[in-house]
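As a plain string of letters, each chain reads:
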Amino acid sequence: MTTDTLRDLHGVPVLDCADDGPVLRDAGDALDVIGDALGRGAELVVLPAGRLADDFFRLRSGVAGDFVQKFVNYRLRLAVVGDISAHLDASSALRDFVTESNRGRQLWFLPTRADLDERLRPADRGGA
């Protein structure tokens, strides 16, 4: 099993969670990740979509709301990275949630880590 890694991404301290870590099922699991992130000084957590239990993507279950609320309470941003197209195809409510989340700065759903890199990259200021 690989370990979670703290890295700097365009000036943002990011806890990049390993793809092969344990499945996260509830708010208690979110608190475990949050504790690790805060202990390392992270401002944003990158969580592979495959680490989230299927109930996270069934909004009716309440898991996503409880999970994300913990990150909000601790003022940590969360980026869920990976292919969630099967979940999106199954739920218009999830599609709307993802669309709205991606408009903000607290929670993003992105296909790849390269998309996260692009999202965090400072705008080109021109010059030199």
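Placed above this text is the structure.
Here goes a summary of the coordinates provided. What you are looking at is a predicted structure, and each value in this text was computed from that prediction instead of being measured.

## Comments concerning the sheet that holds strand β1 (residues 5-9)
Sheet strands line up and pair through hydrogen bonds in the backbone, either parallel or antiparallel.
Thinking step 1. Strand order in the open sheet formed by five strands is β1-β2-β3-β4-β5, and the pairing between neighbours is mixed. Single-partner strands in this sheet number two, and they are β1 and β5 (107-110). Adjacent strand axes in the sheet meet at a mean angle of 25°, parallel and antiparallel pairs treated alike.
Thinking step 2. Pairing analysis gives five bridges linking β1 to strand β2 (residues 12-16), with the strands arranged antiparallel.

## Comments concerning the pattern of salt bridges
Thinking step 1. A full pass over the atoms with the stated rule returns eight salt bridges.
Thinking step 2. Two residues, Asp16 and Arg7, come together in a salt bridge whose shortest N-O distance is 3.1 Å.
Thinking step 3. Two residues, Asp36 and Arg40, come together in a salt bridge whose shortest N-O distance is 3.0 Å. Taken together, the residues span about one helical turn, with Asp36 and Arg40 both in helix α1 (residues 27-40) at a distance of four residues.

## Notes on the side chain of Asp4
Thinking step 1. Relative to the assigned elements, Asp4 resides in the segment before β1.
Thinking step 2. No salt bridge is formed by the buried Asp4, whose closest oppositely charged neighbour, Arg51, lies at an N-O distance of 4.0 Å.
Thinking step 3. At 2.8 Å, the side chain of Asp4 forms a polar contact with the backbone nitrogen of Ala18.
Thinking step 4. Not counting the four nearest positions on each side in its chain, Asp4 is found in contact with Leu15, Asp16, Cys17, Ala18, Asp36, Arg40 and Arg51.

## Structural notes on the packing of α1 against helix α2 (residues 63-73)
Thinking step 1. In the contact formed by α1 and α2, the axes pass within 8 Å of each other and the chain directions differ by 30°. By the angle between their directions, the pair α1 and α2 is classed as roughly parallel. For the pair α1 and α2, the crossing hand works out as right-handed. Judged by residue contacts, Ala27, Ala30, Leu31, Val33 and Ile34 of α1 engage Asp66, Phe67, Lys70 and Phe71 from α2.
Thinking step 2. Among the residues forming the contact of α1 with α2, the class breakdown is seven nonpolar, no polar and two charged.

Conventions adopted
- Residues numbered from 1 in each chain as written.
- Predicted model: local features only at pLDDT ≥ 70, side-chain atom pairs only at ≥ 80, totals over all residues.
- Heavy atoms only, no water.
- Pairing = 2+ DSSP bridges.
- Helix = DSSP H or I, 4+ residues; strand = E, 2+ residues; numbered from the N terminus.
- Axes fitted to C-alpha atoms, helices over the stretch in contact; angles between N-to-C directions.
- Salt bridge = Lys/Arg side-chain N within 4 Å of Asp/Glu carboxyl O.
- Buried < 20%, exposed > 50% of the residue type's maximum accessible area, 1.4 Å probe, protein only.
- Lys, Arg positive; Asp, Glu negative; His and termini not counted.
- Polar contact = N/O pair within 3.5 Å; in protein donor to acceptor, adjacent residues only side chain to side chain.
- Contact = heavy atoms within 4.5 Å.
- Parallel < 35°, antiparallel > 145°, perpendicular 65-115°, else oblique.
- Left-handed = near helix turned anticlockwise from the far one by under 90°.
- Nonpolar A, V, L, I, M, F, W, Y, C, P; charged D, E, K, R; others polar.

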